[in-house]
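Here's the letter readout for the chains.
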Amino acid sequence: MAESTNVLTHKRWSPYAVGAGIGVLSWITFLTMDKALGTSSSFVHAVGLATWFGAPGVVSGEGANAYLAKEISAKTPMFDWQVFLVIGVAIGAFVSSRLSGDAVKECVPGLWSWRFGPNKAVRYVGAFVAGLVMMFGARLAGGCTSGHGISGGLQLAVSSWVFFLCTFAAGVVTAFALFGIKGRAHVLD
Amino acid sequence: MSWIDSPANIVGGLLAGVVFGFLLQKGQVTKYRVIVGQFLFTDNTVLKIMLSAIVVGSVGVYGMLGLGLIEHLHIKAATLAANALGGLIFGVGMSSLGYCPGTGVGAIAEGSRHAAWGGLGMLFGAAAYTFAYPAISGILEVADYGKVSLADVTGVSPWVWVAFFAVVSGAVFALIHKIEAKKAPA
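As the structure is a prediction and not an experimental result, all values here were calculated from the model. (Residues numbered from 1 in each chain as written. Chains lettered and ligands numbered in written order. Predicted model: local features only at pLDDT ≥ 70, side-chain atom pairs only at ≥ 80, totals over all residues. Heavy atoms only, no water.)

Caption draft 1: Inspection of the packing of aromatic side chains at higher detail. Enumeration according to the criterion identifies 21 aromatic pairs over all chains in this entry. Seen from their ring centres, Trp161 of chain A and Phe164 of chain A are 5.3 Å apart, and the 45° between their planes marks the pair as tilted. Within this pair, Trp161 of chain A and its partner Phe164 of chain A are both found in helix H8 (residues 158-179), separated by 3 residues, close to a single helical turn. The exposure class assigned to Trp161 of chain A is buried, which follows from its relative accessible area of 11%. Counting every residue linked through ring pairs, the aromatic cluster contains Trp161 and Phe164 of chain A together with Trp161, Phe164 and Phe165 of chain B. Between Arg123 of chain A and the ring centre of Trp112 of chain A, over which it is positioned, the NZ or CZ distance is 4.6 Å. (Phe/Tyr/Trp six-rings, centres within 6.5 Å; stacked < 30°, edge-to-face > 60°. Helix = DSSP H or I, 4+ residues; strand = E, 2+ residues; numbered from the N terminus. Buried < 20%, exposed > 50% of the residue type's maximum accessible area, 1.4 Å probe, protein only. Lys NZ or Arg CZ within 6 Å of the ring centre and 35° of its normal.)

The structure is reproduced here in structure tokens:
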């Protein structure tokens, strides 16, 4: 059967087309909204929101936490542009995966299972700790793959290229430390 | 403290996010095996997407700046010790998780269960940094060069750097294709 001519239902687009699309999307956000794409600040906003319910004085005011004051009360609204962007990312990925039948209820990836076994709890704890470490690093560096890697990279920011190179180097070392050379044969398990 | 952004920013942010999430999913970077495959060099999708986005984005953004269509950039401060240490920590986490923050959100929407645990971890990571900040913010003052670009610190036109990254990206793509062609002979 011939593949559908409707590209929206295709599972995979050319990575070059996707990259170019993200580049053009950056033009549009700069031009129309004076914004650069980014993701990880929104997780600080989520922390701020949760904190506000328990202790509003920690989010803004005299005795506020210095980071929440800097990132939220002194800078942008609690529900700011980027928070809506992150909500949009979830919607866009959801729609794309449903249109192409590419929604996967993955619990333990094959490569992980080959190395650490199929136990779900082990992977979930691993993913939790990895997510925690990753976001701590993002906040320390001042951005993540989107804010530093793509937006900062395309603006030729010194900070972002330092981040990009350090992230890539640490990612490669970590992947080989976890899975070894032999793991390369099991990425698609 | 204000609670909510302007209606234009709400709609604009949401629309930009939908397009961004759609593209990330179509690019397959919402998959664990694609992210970890990049760090093991069995799948070069991440490099192809990121370098294409950077090259295309830099031409447009510096072009619009030159034409006066946009007034300023949004460069993050080069607090080099924090950028480098944060980048190293981020890389360890990203490689272990198999997602980054944006693609992780996309993966959760796609249905990945372990990505959701990663997302919960990310919230705790943001909280950990928030409450550690008063004690560790001194590191942000180490090697702080301000919001500078590569063009600023080298004293050349940004277009030299735009051209440099275009050439480097082209060379990386050519190398990747050479390796991929050798691996899968037609």
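Caption draft 2: Just the nonpolar core, in detail. By size, the foremost hydrophobic cluster in this structure holds 88 residues, and its most contacted members are Ile22 of chain A together with Phe20 and Phe90 of chain B. The biggest single contributor to this core is helix H3 (residues 45-67) of chain B, with 10 residues. Those residues within four positions of Phe90 of chain B in sequence are excluded, and the remaining contacts are Met134, Gly137, Ala138, Cys144, Thr145, Phe163 and Thr167 of chain A together with Cys100 and Pro101 of chain B. (Core = buried A, V, L, I, M, F, W, Y, C linked by side-chain atoms within 4.5 Å. Contact = heavy atoms within 4.5 Å.)

Caption draft 3: Up close: the interface of chain B and chain A. Contact residues are listed per partner, giving 117 residues for chain B and 127 residues for chain A. Note on chain B versus chain A: buried area summed over both sides is about 10900 Å², and carbon and sulfur give 76% of it. Broken down residue by residue, the surface that chain B buries against chain A is led by Trp3, Lys26 and Leu40 of chain B, which jointly contribute 7%. Our count for the contact surface shared by chain B and chain A stands at 1 salt bridge. Of the charged contacts in the structure, one is a salt bridge between Lys31 of chain B and Asp102 of chain A, with a shortest N-O distance of 3.0 Å. Contributing elements (two or more residues each) for the side of chain B that touches chain A: helix H1 (7-26), helix H2 (32-39), H3, helix H4 (80-97), helix H5 (101-110), helix H6 (113-136), helix H7 (150-154) and helix H8 (158-183) of chain B. No other element matches the 21 residues that H6 of chain B contributes to the side of chain B that touches chain A. In terms of residue class, the side of chain B that touches chain A is built from 71 nonpolar, 38 polar and 8 charged. (Buried area = accessible area lost by both parts, 1.4 Å probe. Salt bridge = Lys/Arg side-chain N within 4 Å of Asp/Glu carboxyl O. Nonpolar A, V, L, I, M, F, W, Y, C, P; charged D, E, K, R; others polar.)

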